[in-house]
Structure formats: structure tokens, C-alpha cells
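Examination of the molecular architecture
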Amino acid sequence: MHAFDILGDPVRRRVLELLADGEQTSGAITEVIRAEFAISQPAVSQHLRVLRDSGFASVRAEGTRRFYAIEPAPLSEVDAWLDRFRRLWEQRLDALGTELARGKRARRTADPSPKGT
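Residues numbered from 1 in each chain as written. Predicted model: local features only at pLDDT ≥ 70, side-chain atom pairs only at ≥ 80, totals over all residues. Heavy atoms only, no water.

Helix-helix packing: each pair is described by the crossing angle between the helix axes and the interaxial distance. In the contact formed by helix α2 (residues 10-20) and helix α3 (residues 26-37), the axes pass within 11 Å of each other and the chain directions differ by 140 degrees. As judged from the angle between their axes, α2 and α3 are oblique. In the packing of α2 onto α3, the handedness of the crossing is right-handed. Here Pro10, Val11, Arg14, Val15, Leu18 and Leu19 of α2 lie close against α3, whose contacting residues are Ile29, Val32, Ile33, Glu36 and Phe37. (Axes fitted to C-alpha atoms, helices over the stretch in contact; angles between N-to-C directions. Helix = DSSP H or I, 4+ residues; strand = E, 2+ residues; numbered from the N terminus. Parallel < 35°, antiparallel > 145°, perpendicular 65-115°, else oblique. Left-handed = near helix turned anticlockwise from the far one by under 90°. Contact = heavy atoms within 4.5 Å.)

Structure follows, in C-alpha cells:
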């Protein structure tokens, strides 16, 4: 399965968002996903399996609990693909930053009153 096929599903994206904050138990993930998406526990388990099988997440057992963690390699591949397009929005963000700085300077020079009076 292609990385964007994995990331195209909102449930799997949300699971990855949860894992970005650190390792989570399958129970904690299931609780959040069931509340937000109103899907069954087996459906959540299937999404976790897809993330594991595709390499986006890893799992480790500790007794009866399963801990999931994000795996950075597939996300690095996505980032590398996005890098080709990043310049398109970085230029616009740089221009926005310049305009914001100009606006601040213009307000400072237009306000002759000293601060605090």
C-alpha cells in the first residue's frame, strides 16, 4: 500500500496524531478513536493493523497490554515527496512575514506617543 493510501484515511491520520505525542496503549487509542469516529473496537484494531503492516507504527507487548509507537521512516518518505512542493508555500509564507513586519514598522512610526503614557 502506498503511503498516501495509508494517510488518506482520517482514522489512521488521527491515530498517527495521537502517536506523535508519544507511545500509547491500544486501549487508549481505541477509546479516543471510538469517541471521535463512532466505530467499533474491531474496526480500530484493523486500522492499527494497517499502520503496523505498512510500517507507520510499531507495537510492543508488555503483559496483556500493547503499546503503539510511530515509526518515522515512512513519514520521512512522505516528507521527501512533499519537499518538491514546499517551495510553493514557503515563498508565500516568507512574503507574508515581510508584509507583517512592514505593518508593524508602519504602526510604530505612525504612533508618536511614547509607550506607557
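Still more to cover.
Our next topic: helix α4 (residues 41-53). Spanning 13 residues, α4 covers 18 Å between terminal C-alpha atoms, matching the ideal 18 Å at 1.5 Å per step. Taken together, the buried positions of α4 are occupied by Val44, His47, Leu48, Val50 and Leu51. Taken end-on, α4 shows its buried residues confined to a sector of 155 degrees, consistent with a single buried face. Projecting away from the buried face of α4 at angles above 90 degrees are the exposed residues Pro42 and Asp53. In the core, the buried residues of α4 are packed alongside α1 (3-7), α2, α3, β2 (57-62) and β3 (65-70). Immediately beyond the C-terminal end of α4, within one or two residues, lies Gly55, with a positive phi of roughly 85 degrees. (Expected span 1.5 Å × (residues − 1). Buried < 20%, exposed > 50% of the residue type's maximum accessible area, 1.4 Å probe, protein only. Arc of directions from axis to C-beta.)

Taken together, three strands build an open sheet; the order of strands is β1-β3-β2 and the sheet is antiparallel. Edge positions in the open sheet fall to β1 (24-25) and β2, since each of these has one partner strand only. Pairing of β1 with β3, which is carried by two bridges, proceeds in the antiparallel orientation. Opposite Gln24, over in β3, you have Tyr68 as the bridge partner. (Pairing = 2+ DSSP bridges.)

In this section: a positive patch on the surface. A cluster of like positive charges, contributed by Lys104, Arg105, Arg107 and Arg108, occupies part of the molecular surface. The topology assignment puts Arg105 in helix α5 (residues 72-110). Overall, Arg105 belongs to the partly exposed group, its relative accessible area being 45%. (Patch = residues over 30% accessible without salt bridge, like charges linked within 9 Å, V, L, I, M, F, W, Y side chains within 5 Å. Areas by Shrake-Rupley, 256 points an atom, 1.4 Å probe, with all protein chains shown as cover. Salt bridge = Lys/Arg side-chain N within 4 Å of Asp/Glu carboxyl O. Lys, Arg positive; Asp, Glu negative; His and termini not counted. Charge placed at Lys NZ, Arg CZ, Asp CG, Glu CD.)

For the rest of this paragraph, the subject is the pairing of β3. Of the strand pairs in this sheet, β2 and β3 are connected by six bridges, and their pairing is antiparallel. Paired with Ala57 across the two strands is Ile70, which belongs to β3. Hairpin connection of β2 to β3: two residues between the antiparallel strands, including Gly63 at a positive phi of 65 degrees.

Core analysis: the largest hydrophobic core is formed by 18 residues, its most contacted members being Val15, Ile29, Ile33, Leu51 and Phe56. Counting only elements with at least two residues in this core, the list comes to α1, α2, α3 and α4. Here the element with the most residues in this core is α2; it accounts for five residues. Not counting the four nearest positions on each side in its chain, Leu51 is found in contact with Ile6, Arg12, Val15, Leu16, Phe56 and Ala57. (Core = buried A, V, L, I, M, F, W, Y, C linked by side-chain atoms within 4.5 Å.)

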